[in-house]
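Residues per chain, in single letters:
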Amino acid sequence: MKTAIFGGSFDPVHLGHIEIVKKALKNLYIDKLIIMPNYLNPLKHNFSAPPEIRLKWLKKVFKNFDKVEISDFEINQNRPVYTIETIEKFKPTYFIIGSDNLNLLDKWKNIDKLKNMVEFVVATRGEVNNNLQKKYNIKKVLKMNIPISSTEIRKGNFKYLPKEIESEIKEFYGQNFKN
(Lines give C-alpha, C1' and ligand atoms only; values in the text may rest on other atoms or scores of the structure.)
Protein backbone atom coordinates (compact mmCIF):
# COMPACT_ATOMS: atom_id res chain seq x y z
CA MET A 1 0.00 0.00 0.00
CA LYS A 2 1.38 3.41 -1.01
CA THR A 3 1.02 6.07 1.65
CA ALA A 4 2.18 9.64 2.05
CA ILE A 5 2.58 11.68 5.20
CA PHE A 6 2.06 15.42 5.12
CA GLY A 7 3.54 16.72 8.34
CA GLY A 8 3.70 20.15 9.84
CA SER A 9 2.49 22.58 12.45
CA PHE A 10 -0.67 23.64 10.59
CA ASP A 11 -0.72 26.68 12.85
CA PRO A 12 -3.30 27.32 11.40
CA VAL A 13 -4.41 25.15 8.49
CA HIS A 14 -5.18 27.19 5.34
CA LEU A 15 -6.20 26.82 1.69
CA GLY A 16 -2.59 26.20 0.66
CA HIS A 17 -2.56 23.04 2.80
CA ILE A 18 -5.80 21.91 1.14
CA GLU A 19 -4.29 22.48 -2.30
CA ILE A 20 -1.24 20.40 -1.32
CA VAL A 21 -3.49 17.52 -0.22
CA LYS A 22 -5.56 17.66 -3.43
CA LYS A 23 -2.45 17.71 -5.63
CA ALA A 24 -0.82 14.90 -3.66
CA LEU A 25 -3.90 12.71 -4.01
CA LYS A 26 -4.06 13.42 -7.73
CA ASN A 27 -0.36 13.16 -8.61
CA LEU A 28 1.21 10.65 -6.23
CA TYR A 29 -1.14 7.69 -6.88
CA ILE A 30 -1.34 6.82 -3.22
CA ASP A 31 -3.79 4.70 -1.28
CA LYS A 32 -3.73 6.92 1.78
CA LEU A 33 -2.51 10.37 2.81
CA ILE A 34 -1.85 10.86 6.51
CA ILE A 35 -1.89 14.43 7.75
CA MET A 36 0.42 14.57 10.75
CA PRO A 37 0.22 17.72 12.86
CA ASN A 38 3.13 17.99 15.24
CA TYR A 39 2.96 18.79 18.92
CA LEU A 40 5.85 21.21 18.46
CA ASN A 41 8.30 21.40 15.58
CA PRO A 42 11.71 20.30 16.97
CA LEU A 43 13.27 23.36 15.31
CA LYS A 44 10.88 25.81 16.97
CA HIS A 45 10.37 26.93 20.56
CA ASN A 46 6.62 27.48 20.71
CA PHE A 47 3.33 27.29 18.86
CA SER A 48 0.48 29.75 18.56
CA ALA A 49 -2.58 27.49 18.57
CA PRO A 50 -2.40 24.57 21.02
CA PRO A 51 -1.98 21.12 19.43
CA GLU A 52 -5.51 19.96 20.33
CA ILE A 53 -7.06 22.96 18.57
CA ARG A 54 -4.94 22.48 15.44
CA LEU A 55 -5.94 18.79 15.39
CA LYS A 56 -9.63 19.75 15.69
CA TRP A 57 -9.30 22.26 12.83
CA LEU A 58 -7.65 19.65 10.58
CA LYS A 59 -10.37 17.09 11.29
CA LYS A 60 -13.07 19.61 10.35
CA VAL A 61 -11.34 20.72 7.16
CA PHE A 62 -10.51 17.25 5.84
CA LYS A 63 -13.53 15.26 7.11
CA ASN A 64 -14.96 14.71 3.61
CA PHE A 65 -11.71 13.83 1.85
CA ASP A 66 -11.40 10.27 0.62
CA LYS A 67 -8.09 8.56 1.38
CA VAL A 68 -7.15 11.22 3.97
CA GLU A 69 -6.55 10.40 7.62
CA ILE A 70 -5.66 12.86 10.36
CA SER A 71 -3.22 11.32 12.82
CA ASP A 72 -2.79 12.39 16.42
CA PHE A 73 0.38 10.30 16.84
CA GLU A 74 2.84 13.19 17.23
CA ILE A 75 0.47 15.31 19.31
CA ASN A 76 -0.14 12.39 21.67
CA GLN A 77 3.59 12.19 22.40
CA ASN A 78 3.19 15.54 24.20
CA ARG A 79 6.66 16.62 23.07
CA PRO A 80 8.52 17.52 19.88
CA VAL A 81 8.73 14.38 17.72
CA TYR A 82 11.50 13.94 15.17
CA THR A 83 10.39 12.95 11.67
CA ILE A 84 12.55 9.83 11.85
CA GLU A 85 10.31 8.52 14.66
CA THR A 86 7.18 9.06 12.57
CA ILE A 87 8.71 7.49 9.45
CA GLU A 88 9.89 4.43 11.42
CA LYS A 89 6.39 3.95 12.85
CA PHE A 90 4.30 4.55 9.70
CA LYS A 91 6.76 3.53 6.95
CA PRO A 92 5.25 5.75 4.25
CA THR A 93 6.32 5.85 0.62
CA TYR A 94 6.39 9.65 0.54
CA PHE A 95 6.87 12.48 3.02
CA ILE A 96 5.48 15.83 1.86
CA ILE A 97 7.23 19.00 2.98
CA GLY A 98 6.90 22.66 2.11
CA SER A 99 9.76 24.25 0.22
CA ASP A 100 10.56 26.29 3.34
CA ASN A 101 11.50 23.00 5.05
CA LEU A 102 13.73 21.94 2.16
CA ASN A 103 16.21 24.61 3.27
CA LEU A 104 16.18 23.15 6.80
CA LEU A 105 16.64 19.45 6.03
CA ASP A 106 20.32 19.58 7.03
CA LYS A 107 19.13 20.35 10.57
CA TRP A 108 16.75 17.36 10.73
CA LYS A 109 17.74 14.49 13.00
CA ASN A 110 19.12 11.49 11.04
CA ILE A 111 18.50 13.15 7.67
CA ASP A 112 20.86 10.76 5.85
CA LYS A 113 18.92 7.78 7.15
CA LEU A 114 15.60 9.53 6.46
CA LYS A 115 16.33 10.26 2.81
CA ASN A 116 16.96 6.54 2.26
CA MET A 117 13.74 5.49 4.03
CA VAL A 118 11.26 7.80 2.33
CA GLU A 119 10.92 9.82 -0.85
CA PHE A 120 10.55 13.51 -0.09
CA VAL A 121 7.95 15.43 -2.07
CA VAL A 122 8.27 19.22 -2.04
CA ALA A 123 5.26 21.53 -2.21
CA THR A 124 6.39 24.89 -3.52
CA ARG A 125 5.08 28.26 -4.62
CA GLY A 126 8.24 28.93 -6.63
CA GLU A 127 11.24 27.12 -7.99
CA VAL A 128 13.02 24.43 -6.00
CA ASN A 129 16.72 24.88 -5.28
CA ASN A 130 18.36 22.48 -7.79
CA ASN A 131 21.31 21.74 -5.52
CA LEU A 132 19.04 20.78 -2.62
CA GLN A 133 16.77 18.83 -4.96
CA LYS A 134 19.75 16.72 -6.09
CA LYS A 135 21.21 16.40 -2.60
CA TYR A 136 17.97 14.94 -1.21
CA ASN A 137 17.07 13.04 -4.39
CA ILE A 138 13.78 14.91 -4.76
CA LYS A 139 11.98 13.80 -7.90
CA LYS A 140 8.46 14.98 -7.14
CA VAL A 141 7.41 18.61 -6.77
CA LEU A 142 3.86 19.84 -6.20
CA LYS A 143 3.51 23.38 -7.60
CA MET A 144 1.15 25.49 -5.51
CA ASN A 145 -0.90 28.46 -6.65
CA ILE A 146 -2.02 29.87 -3.30
CA PRO A 147 0.39 32.52 -1.96
CA ILE A 148 -0.21 32.19 1.78
CA SER A 149 1.58 30.97 4.86
CA SER A 150 0.37 30.24 8.38
CA THR A 151 2.64 33.07 9.58
CA GLU A 152 0.72 35.56 7.42
CA ILE A 153 -2.59 34.33 8.84
CA ARG A 154 -1.33 34.72 12.41
CA LYS A 155 -0.49 38.32 11.47
CA GLY A 156 -4.08 38.93 10.36
CA ASN A 157 -4.20 38.04 6.65
CA PHE A 158 -7.40 35.98 6.62
CA LYS A 159 -7.82 35.84 2.85
CA TYR A 160 -7.08 32.10 2.45
CA LEU A 161 -8.94 30.45 5.32
CA PRO A 162 -11.00 27.27 4.88
CA LYS A 163 -14.69 28.15 5.26
CA GLU A 164 -15.22 25.25 7.69
CA ILE A 165 -13.07 26.92 10.34
CA GLU A 166 -12.85 30.54 9.21
CA SER A 167 -14.77 31.97 12.15
CA GLU A 168 -12.85 29.82 14.68
CA ILE A 169 -9.50 30.98 13.37
CA LYS A 170 -10.56 34.63 13.33
CA GLU A 171 -11.84 34.31 16.88
CA PHE A 172 -8.74 32.46 18.07
CA TYR A 173 -6.39 35.09 16.72
CA GLY A 174 -8.62 37.86 18.06
CA GLN A 175 -8.82 39.76 14.82
CA ASN A 176 -11.76 41.65 13.36
CA PHE A 177 -11.94 40.52 9.77
CA LYS A 178 -13.30 42.96 7.21
CA ASN A 179 -14.09 41.99 3.62
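Residues numbered from 1 in each chain as written. Predicted model: local features only at pLDDT ≥ 70, side-chain atom pairs only at ≥ 80, totals over all residues. Heavy atoms only, no water.

### Examining unusual backbone geometry
Cis rather than trans, the peptide bond between Asp11 and Pro12 has omega equal to 5°. You can see Pro12 is positioned in the loop between strand 1 (3-8) and helix 1 (15-27). For Phe10, which is not a glycine, the phi torsion comes out positive at approximately 50°. Secondary-structure assignment places Phe10 in the loop between strand 1 and helix 1. On the basis of relative accessibility, which here comes to 4%, the residue Phe10 falls in the buried class. (Helix = DSSP H or I, 4+ residues; strand = E, 2+ residues; numbered from the N terminus. Buried < 20%, exposed > 50% of the residue type's maximum accessible area, 1.4 Å probe, protein only.)

### Looking at helix 4 (residues 83-90)
Taken as a whole, helix 4 has its buried residues at Thr83, Ile84, Thr86 and Ile87. Each buried residue of helix 4 lies within a common arc of 160° when the element is viewed along its axis, so the set occupies one face. Structurally, helix 4 contributes buried residues whose contacts are with strand 1, strand 2 (32-37), helix 3 (73-76), strand 4 (94-98) and helix 6 (111-117). Of the residues trailing helix 4, Lys91 is marked for its positive phi of about 50°. (Arc of directions from axis to C-beta. Contact = heavy atoms within 4.5 Å.)

### Looking at the packing of aromatic side chains
Pairs of aromatic rings are described using the distance from one ring centre to the other and the angle between the two planes. Counted by the stated rule, this structure contains 10 aromatic pairs. Relative to Phe47, the ring of Tyr39 has its centre 5.8 Å away and its plane inclined at 80°; by these criteria the two rings are edge-to-face. Judged by relative accessible area, Tyr39 falls into the buried class, the value being 19%. Here Phe172 and Tyr173 contribute two aromatic rings whose centre-to-centre distance is 4.9 Å and whose plane-to-plane angle is 85°, an arrangement assigned as edge-to-face. On the basis of relative accessible area, Phe172 is assigned to the partly exposed category, the value being 32%. Aromatic ring contacts, followed pair by pair, group Trp57, Phe172 and Tyr173 into a single cluster. Here Arg54 stacks its cationic end above the ring of Phe47, 5.3 Å away from the centre of that ring. (Phe/Tyr/Trp six-rings, centres within 6.5 Å; stacked < 30°, edge-to-face > 60°. Lys NZ or Arg CZ within 6 Å of the ring centre and 35° of its normal.)

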